[in-house]
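# Remarks on the overall topology
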2 protein chains.
Amino acid sequence: MAKQKKEAKPKALPPKGFCDYFGTDVSERTKMLRQIAYVYHLYGFEQLESSAVETVEALGKFLPDVDRPNEGVFAWLEDEDWLALRYDLTAPLARVYAQHRNDLPSPYRRFAMGPVWRNEKPGPGRFRQFYQCDADTVGSASMAADAEICAMLADTLEGVGIARGDYIIRVNNRKVLNGVMEVAGVLDPTDLEKFTEARGIVLRAIDKLDRFGLEGVSQLLGAGRKDDSGDFTKGAGLTASQAEAIMGFMEALGATAAETLSNLRVLIKGSAVGEAGVDELEQISDLVIAQGYGSDRIVLDPSVVRGLGYYTGPVYEAELTFEIKDEKGRPRQFGSVAGGGRYDDLVKRFTGQEVPATGVSIGVDRLLAALRMKGRIEPVALGPVVVTVMDRDRMSDYQAMASELRTAGIRAEVYLGNPKNFGNQLKYADNRKSPIAIIEGGDEKMAGIVQIKDLILGAQLAKDATLEEWKARPSQIKVPRQELVEQVLNMLAAQGATE
Amino acid sequence: MAKQKKEAKPKALPPKGFCDYFGTDVSERTKMLRQIAYVYHLYGFEQLESSAVETVEALGKFLPDVDRPNEGVFAWLEDEDWLALRYDLTAPLARVYAQHRNDLPSPYRRFAMGPVWRNEKPGPGRFRQFYQCDADTVGSASMAADAEICAMLADTLEGVGIARGDYIIRVNNRKVLNGVMEVAGVLDPTDLEKFTEARGIVLRAIDKLDRFGLEGVSQLLGAGRKDDSGDFTKGAGLTASQAEAIMGFMEALGATAAETLSNLRVLIKGSAVGEAGVDELEQISDLVIAQGYGSDRIVLDPSVVRGLGYYTGPVYEAELTFEIKDEKGRPRQFGSVAGGGRYDDLVKRFTGQEVPATGVSIGVDRLLAALRMKGRIEPVALGPVVVTVMDRDRMSDYQAMASELRTAGIRAEVYLGNPKNFGNQLKYADNRKSPIAIIEGGDEKMAGIVQIKDLILGAQLAKDATLEEWKARPSQIKVPRQELVEQVLNMLAAQGATE
């Protein structure tokens, strides 16, 4: 090896916050993404795979919950350009759309799936590389685009195996909140900068509803909130009546969509932007109801605001409603697995022209975790049939067996470690979760037979069988060599039946 | 939007050397990777998806053809660690294996597919992010592991659609070349450093056989080579008889494997390492022949050396042998689409223990390009059925139609742009490659019918139909609303038949 001077051995670890996925972890995710892609494609969405690396300039400063540019991304200087790993799939879409807008259909429905990277403090279950799966419609201002994405999200969740009743899609509209704040005198819509700042503080407060409850949010809207440890978070500084108006908005959910809409109309009376927001909500509601998506699947819910600063109209989120246990064993709902909304300003950064867009992002790892919890992931496929090596000079005989099995569509491999210790070969088969081991020693070869060992049955017998059962159901059978494939198929079928 | 001060618009471009993939470009690659994964899985290989980011320390300095660390990778300082994007899938495998070796089966067969990044000068068709697809067996010193990968590579190529006869897998062994050099007095195997350096120069010269021919390689082994432009490349400085010995090695290919082996035995006579190399070649040859892989699929070929410095024994490469035209219209063979070999030292960097390993990497983009050239990619799927919007107040009617079509498995979407100009809607359908457009204006609604417009037939008729044909085969039909799905299915079936 080239110039291998004495040097410290490198650590065999990925960087902090990164991890590796093995075997079924990968194939289960791949399968789920394929199911999602099927639904997206059926709705007319086209796949886009943009580059993982973007210029920092193109990514802009829209990383969720971060105000400063480049905060939270992995970036480096390359020649004269700052490059960065994408932190989501929306910012690259804006760049791609701006770049190719003359060739792309308009409206452009696209979906994308792949890893994104965040330069954040890693923690338990919080990784710096993770998958996202997005669908967006760029170039349509119609509420039908938002309604379609909500309906598609419902179909997608059912498509991957979340039963109807186990999820709910909640829809709200940022303009309604803006209207409520305008009416309450919290903000002056003519001063854009101050408006946006105040709205940001209120949005962050509302978004904590899940964690802090109504009381906590109310405190965050007012003077501030002290947590159990005594730490104090400064509030938005609203007056009591202002905070009350905001809280009224969050509690405006009615028994029906019509009731919610009418509650909201009262709250935003006199605000043009608020009126527009409620109109949009009503259009979405009408569209999804007309398509048969009732309140068991899609509901209007004023308490949904979504964290991201860039949403400009409808926002929506999919929540899984079944119960799980938290770390302390207390029951809680599984929670959000997807969210999105309308962001009419994102492409404008590049072109100067406003381009309406709306889209959703699915949290791939969370949805996969939910499917595992609900037992909706098919049982782990068995490992390969292992052809053991009794005589290392006859590797080609063993390879031929594996080859025959594969030709019949059976996953199979020859043991490639040191064959001296046969016990190691069976341990290996065990580690590989092999259903069957094939054995052909010199005697068998002479007699023209092979031994087929049922490792599943063997393990069962070893656990709890009586002597009679051992005799009645031998876990190892001798068969003529030419019947190898047929007999393996039989044994696999029997295993499938008794498992 | 927050603090949108006057600032220069960002350029809507990816970084230099990066690009985006749209629609069928993505789905065709995905499909090919799925076919490859099927074969790998059948052979008992397990998928691994390691993180895209590694520490520079873990990646080491093994980037092909590059001697200095970090050259050619995208790297940045993060807190105290230098991080980098992986430049291939082998270096991460070594890290993963070293990290998890106590839990992984031994031998460990794994496959991986995904993007890698190279910080190289971009050029035409030369990107800084591209896909690789690897299969490796770690922990087996047996030549059966190498033979298996060669056989699997043949099955994989046929699995994705390369016909037998259109590819050849060539196998060689680095130890044989070492032996030849030792016998020729080119190098002294006891001085490891000098040995490696001299071997590197010779390897690079031999690897240029494709481009410069035997004569050019011979010059590179000797004093040097002047190219057409007059530029001079310094040679390895071998004496005439030394260069002749190396050239003899490259021309040792016989009519049969047995003849090639016997030619090689003559050349390496007296070199222990050379003997070992020919023995290994013979084992691989015997194994693949016994499994039915004849010289129409796998051959021994002493001219194959592979560029990478880290190979220690067998090397192999898959070449597509059908002819294509080069940029100047001259016929040439398509060339290499996959290559690999044995690299027994790679894991040792981490653990101090030598771990035998062998594996192959498929050039995903090249293989995909080859399949496209051979017409082995199924014709591009048609776009969605487009439900046009005649009356913007009846979006829910149109959405309901699209929804019914989707329920029947038909890809469908409602036009979501501004519906005012109906011509734009048909232009959109054209851009989307839609087979069918659905039209329901106020009159149709009243009459309980819909119009189904055959866009494929319409385009054909527009091109070359007579008036009689226009009348005989109307490209637009009126059907009762409740027959929408049935009639669309009929029309799609007819299109499939006449295409």
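Residues numbered from 1 in each chain as written. Chains lettered and ligands numbered in written order. Predicted model: local features only at pLDDT ≥ 70, side-chain atom pairs only at ≥ 80, totals over all residues.

### A closer look at the overall build of chain A
Selection rule: For the purposes of this entry, the term helix denotes a DSSP run of H or I that reaches at least four residues, the term strand denotes a run of E that reaches at least two, and both are numbered from the N terminus. Values of the radius of gyration come from C-alpha atoms, whereas the globule rule sets the reference at 2.2 Å times the count of residues to the power 0.38. Exposure classes come from backbone-placed C-beta atoms, where a residue is buried if 20 or more other C-beta atoms lie within 10 Å of its own, exposed if 12 or fewer do, and partly exposed in between.
Helix and strand counts for chain A stand at 18 helices and 19 strands. Taking 23 Å as the expected radius of gyration for a compact globule of 499 residues, we find that chain A reaches 29 Å, considerably beyond that expectation. In terms of overall dimensions, chain A has a C-alpha envelope of 95 × 60 × 55 Å along the principal axes. Per-residue burial over chain A gives 44% buried out of 499 residues.

### Observations concerning the relation of the copies chain A and chain B
We apply this condition: The copies were overlaid with a least-squares fit restricted to C-alpha atoms from residues scoring a pLDDT of at least 70 in each copy. We call two residues in contact when the distance between their C-beta atoms, placed using the backbone, is within 7 Å.
Mapping chain A onto chain B calls for a screw motion: a turn of 180° about the axis and a shift of 0.0 Å along it, with 0.1 Å RMSD after fitting. What the superposition gives is, in effect, a two-fold axis relating one chain to the other. Looking at the rotation axis and the C-alpha trace of chain A, the residue lying nearest is Trp76(A), at 2.9 Å. Here 100% of the contact residues of chain A are again contact residues in chain B; the copies associate through an equivalent surface.

### Some remarks on the sheet that holds strand S2 (residues 46-49) of chain B
Short version of the rule: Strand pairing is defined by DSSP finding a minimum of two bridges between the two strands. Here, axes are lines fitted to C-alpha atoms. For helices the fit covers the stretch in contact, and angles between N-to-C directions go from 0 to 180 degrees.
As summarised here, the arrangement of the nine strands in space is S1(A)-S2(B)-S6(B)-S7(B)-S14(B)-S13(B)-S12(B)-S8(B)-S11(B), forming an open sheet in which the pairing is mixed. Since the sheet does not close on itself, it has two edges, and those belong to strand S1 (21-22) of chain A together with strand S11 (298-300) of chain B, each with one partner. Of the pairings in the sheet, the one linking strand S13 (residues 331-342) of chain B to strand S14 (residues 357-363) of chain B comprises five bridges and is antiparallel in character. Opposite Arg342(B), over in S14(B), you have Thr358(B) as the bridge partner. Here helix H12 (residues 364-373) of chain B sits on the sheet in contact with strand S7 (129-138), strand S12 (314-325), S13 and S14 of chain B, set at roughly 50° to S14(B).

### Comments concerning the interface of chain A and chain B
Here is the rule we go by: Here the term charged refers only to Asp, Glu, Lys and Arg, the term nonpolar to Ala, Val, Leu, Ile, Met, Phe, Trp, Tyr, Cys and Pro, and the term polar to all other amino acids, Gly among them.
Chain A puts 83 residues into the contact, and the matching count from chain B is 83 residues. Looking at the side of chain A that touches chain B residue by residue, the class counts come to 38 nonpolar, 25 polar and 20 charged. Note: S1(A) against S2(B), two bridges, orientation antiparallel. Among the inter-strand pairings, Phe22(A) is bridged to a residue of S2(B), identified as Leu48(B).

### Concerning the nonpolar core
Here is the rule we go by: Core membership is restricted to buried Ala, Val, Leu, Ile, Met, Phe, Trp, Tyr and Cys residues, and these are joined into a nonpolar core through C-beta atoms within 7 Å.
In this structure, Val387(A), Cys150(B) and Leu153(B) are the most contacted members of the largest nonpolar core, which totals 137 residues. Considering every element that reaches this core, the biggest residue donor is helix H4 (residues 143-160) of chain B, with twelve residues. Setting aside residues up to four positions removed in sequence, Leu153(B) forms contacts with Ile169(B), Ala318(B), Ala338(B) and Val360(B). Counting 136 residues, the second-largest nonpolar core is a separate cluster that includes Tyr43(A), Phe74(A), Met181(A) and Val217(A).

### A look at H12(B)
Residues and elements named next belong to chain B. To be explicit about the condition: What the arc measures is the spread of directions leading from the helix axis to the C-beta atoms.
Buried residues of H12: Val 364, Leu 367, Leu 368, Ala 370 and Leu 371, and no others. Viewed end-on, H12 has its buried residues packed into an arc of 160°, placing them on one side of the element. Those residues of H12 that are buried are in contact with helix H1 (23-42), S7, H4, S12, S13 and S14. Within two residues after H12, Gly 375 carries a phi angle of roughly 65°, on the positive side.

### Concerning the sheet that holds strand S3 (residues 53-55) of chain A
Residue and element names in this part refer to chain A. Read from one edge to the other, the open sheet built from three strands follows the order S3-S5-S4, with strand pairing classed as antiparallel. Each end of this open sheet is capped by a strand with a single partner; those strands are S3 and strand S4 (75-78). Taking the axes of each pair of neighbouring strands and ignoring which way they run, one obtains an average angle of 35° across the sheet. Across three bridges, the pairing between S3 and strand S5 (residues 81-85) is antiparallel. In the sheet register, Thr 55 faces S5, and the bridge partner there is Leu 83.

### A few points about the confidence of the model for chain A
Residues and elements named next belong to chain A. Stated precisely, the cut-off is as follows: Scored from 0 to 100, pLDDT records how confident the predictor is in each individual residue.
Taken residue by residue, chain A gives an average pLDDT of 87. The fraction at 70 or more is 92%. Here residues 1-5 scores under 50 on pLDDT; set against residues more than four positions off or in separate chains, the count is four contacts. We note a pTM of 0.87 for the whole complex and an ipTM of 0.86 for its interfaces.

### What to know about the environment of Pro14(B)
Here Pro14(B) is to be found in the segment before strand S1 (21-22). On the basis of neighbour counts, which here come to 23 C-beta atoms within 10 Å, the residue Pro14(B) falls in the buried class. Residues contacting Pro14(B), with those up to four places away along its chain left out, are Ser51(A), Glu54(A), Cys19(B) and Asp20(B).

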